[in-house]
Amino acid sequence: MELKIIIIIVMLFVALNACKKSPEYFIGKWQILNVVENNESIDLIENWIHLKSNGTFESYDGNLKKNESGKWTYQLDEKRLFIDGEGETGDSQWNLSVKNDTLIFHSTSDNLYLTAKKIK
(Lines give C-alpha, C1' and ligand atoms only; values in the text may rest on other atoms or scores of the structure.)
Protein backbone atom coordinates (compact mmCIF):
# COMPACT_ATOMS: atom_id res chain seq x y z
CA MET A 1 0.00 0.00 0.00
CA GLU A 2 2.77 2.47 0.88
CA LEU A 3 4.55 1.69 -2.40
CA LYS A 4 1.41 2.59 -4.38
CA ILE A 5 1.11 5.90 -2.55
CA ILE A 6 4.78 6.69 -3.19
CA ILE A 7 4.39 5.82 -6.89
CA ILE A 8 1.29 8.02 -7.17
CA ILE A 9 3.07 10.94 -5.48
CA VAL A 10 6.10 10.58 -7.75
CA MET A 11 3.90 10.39 -10.86
CA LEU A 12 1.94 13.44 -9.75
CA PHE A 13 5.15 15.39 -9.10
CA VAL A 14 6.54 14.47 -12.55
CA ALA A 15 3.28 15.40 -14.28
CA LEU A 16 3.03 18.78 -12.55
CA ASN A 17 6.64 19.64 -13.33
CA ALA A 18 6.20 18.60 -16.96
CA CYS A 19 3.26 21.00 -17.25
CA LYS A 20 5.21 23.85 -15.70
CA LYS A 21 8.23 23.46 -17.98
CA SER A 22 6.35 24.21 -21.17
CA PRO A 23 5.38 27.69 -22.30
CA GLU A 24 2.88 26.14 -24.71
CA TYR A 25 -0.05 27.92 -23.09
CA PHE A 26 1.00 31.22 -24.65
CA ILE A 27 2.28 29.93 -28.00
CA GLY A 28 0.07 31.20 -30.81
CA LYS A 29 -1.40 34.38 -32.23
CA TRP A 30 -2.95 36.80 -29.75
CA GLN A 31 -5.13 39.82 -30.45
CA ILE A 32 -4.17 42.55 -28.01
CA LEU A 33 -7.48 44.01 -26.91
CA ASN A 34 -6.39 46.85 -24.69
CA VAL A 35 -3.54 48.49 -22.89
CA VAL A 36 -3.81 49.76 -19.33
CA GLU A 37 -1.16 52.27 -18.34
CA ASN A 38 -1.29 54.06 -14.99
CA ASN A 39 -4.93 52.97 -14.59
CA GLU A 40 -5.96 54.44 -17.97
CA SER A 41 -7.32 51.97 -20.50
CA ILE A 42 -6.78 52.26 -24.24
CA ASP A 43 -8.83 49.97 -26.48
CA LEU A 44 -7.05 48.59 -29.52
CA ILE A 45 -8.48 47.23 -32.74
CA GLU A 46 -5.77 45.91 -34.98
CA ASN A 47 -2.93 44.92 -32.66
CA TRP A 48 -1.62 41.38 -32.37
CA ILE A 49 1.44 39.32 -31.47
CA HIS A 50 2.25 35.87 -32.79
CA LEU A 51 4.54 33.93 -30.44
CA LYS A 52 5.90 31.01 -32.43
CA SER A 53 7.10 27.72 -30.99
CA ASN A 54 10.56 28.19 -32.54
CA GLY A 55 11.28 31.18 -30.23
CA THR A 56 10.48 33.92 -32.74
CA PHE A 57 7.61 36.39 -32.86
CA GLU A 58 5.84 38.73 -35.22
CA SER A 59 3.63 41.59 -34.13
CA TYR A 60 1.54 44.36 -35.64
CA ASP A 61 0.57 47.75 -34.22
CA GLY A 62 -2.51 49.00 -36.06
CA ASN A 63 -2.23 52.56 -34.73
CA LEU A 64 1.32 52.93 -36.03
CA LYS A 65 0.75 50.58 -38.99
CA LYS A 66 4.02 48.90 -38.02
CA ASN A 67 5.17 45.28 -38.14
CA GLU A 68 7.88 44.01 -35.83
CA SER A 69 9.67 40.72 -35.43
CA GLY A 70 12.35 39.22 -33.26
CA LYS A 71 12.98 36.49 -30.72
CA TRP A 72 11.47 35.58 -27.38
CA THR A 73 12.60 33.51 -24.40
CA TYR A 74 10.69 32.40 -21.35
CA GLN A 75 11.92 32.11 -17.77
CA LEU A 76 9.78 29.43 -16.19
CA ASP A 77 10.48 30.12 -12.51
CA GLU A 78 9.28 33.70 -12.72
CA LYS A 79 6.79 33.22 -15.58
CA ARG A 80 8.64 35.99 -17.38
CA LEU A 81 8.63 36.51 -21.14
CA PHE A 82 11.62 38.31 -22.67
CA ILE A 83 11.00 40.00 -26.03
CA ASP A 84 14.08 40.78 -28.11
CA GLY A 85 12.67 42.99 -30.85
CA GLU A 86 14.22 45.03 -33.60
CA GLY A 87 16.34 47.90 -32.31
CA GLU A 88 16.86 48.93 -28.73
CA THR A 89 13.28 50.11 -28.17
CA GLY A 90 11.87 46.73 -29.20
CA ASP A 91 13.14 44.90 -26.10
CA SER A 92 10.82 44.26 -23.18
CA GLN A 93 10.10 41.94 -20.26
CA TRP A 94 6.66 40.74 -19.24
CA ASN A 95 5.21 38.69 -16.41
CA LEU A 96 2.48 36.47 -17.85
CA SER A 97 -0.73 35.25 -16.29
CA VAL A 98 -3.86 33.63 -17.63
CA LYS A 99 -7.36 34.34 -16.45
CA ASN A 100 -10.00 32.21 -18.16
CA ASP A 101 -9.11 32.57 -21.86
CA THR A 102 -7.34 35.92 -21.48
CA LEU A 103 -3.56 36.28 -21.46
CA ILE A 104 -2.32 39.20 -19.38
CA PHE A 105 1.09 40.74 -20.04
CA HIS A 106 2.38 42.87 -17.14
CA SER A 107 5.43 44.96 -17.90
CA THR A 108 8.29 44.47 -15.44
CA SER A 109 9.58 48.02 -16.04
CA ASP A 110 6.48 50.17 -15.55
CA ASN A 111 2.76 50.16 -14.69
CA LEU A 112 1.62 48.75 -18.02
CA TYR A 113 -0.72 45.82 -18.72
CA LEU A 114 -1.84 44.28 -21.98
CA THR A 115 -4.81 41.94 -22.25
CA ALA A 116 -5.09 39.56 -25.18
CA LYS A 117 -7.34 36.84 -26.56
CA LYS A 118 -6.08 33.97 -28.68
CA ILE A 119 -6.93 34.24 -32.35
CA LYS A 120 -8.26 30.92 -33.64
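For the structure, see preceding data.
Model, not experiment: these values are computed from the prediction.

(A) Seen up close, unusual backbone geometry. Even without glycine at this site, Lys65 takes up a positive phi of about 50 degrees. Mapped onto the secondary structure, Lys65 falls in the loop between strand 4 (56-61) and strand 5 (66-75). The class for Lys65 is exposed, based on a relative accessible area of 66%. Positive phi outside glycine occurs at Lys79, with the angle close to 55 degrees. Topologically, Lys79 is positioned in the loop between strand 5 and strand 6 (80-85). A residue is classified by how much of its surface remains accessible, and Lys79, at 48% relative accessible area, is partly exposed.

(B) Spotlight on the nonpolar core. In this structure, Phe26, Trp72, Leu81 and Phe105 are the most contacted members of the largest nonpolar core, which totals 20 residues. Mapped by element, the contributors of at least two residues to this core are strand 1 (28-37), strand 3 (48-51), strand 5, strand 6, strand 7 (92-99), strand 8 (102-107) and strand 9 (112-118).

Criteria and thresholds
Numbering of residues starts from 1 in each chain and follows the order in which that chain's sequence is written. Reporting of local features is limited, given that this is a predicted model, to residues whose pLDDT is at least 70; pairs of side-chain atoms are given and counted only at 80 or more, and all residues count toward the totals for whole chains, interfaces and linings. With hydrogens and water set aside, each side-chain value is computed from the structure's full complement of heavy atoms. A run of H or I in DSSP becomes a helix once it reaches four residues, and a run of E becomes a strand once it reaches two; helices and strands are each numbered from the N terminus. Three exposure classes are used, based on accessible area relative to the maximum for each residue type with a 1.4 Å probe and protein chains only: buried under 20%, partly exposed in between, and exposed over 50%. Only buried residues count toward a nonpolar core. Its members are Ala, Val, Leu, Ile, Met, Phe, Trp, Tyr and Cys residues joined through side-chain atoms within 4.5 Å.

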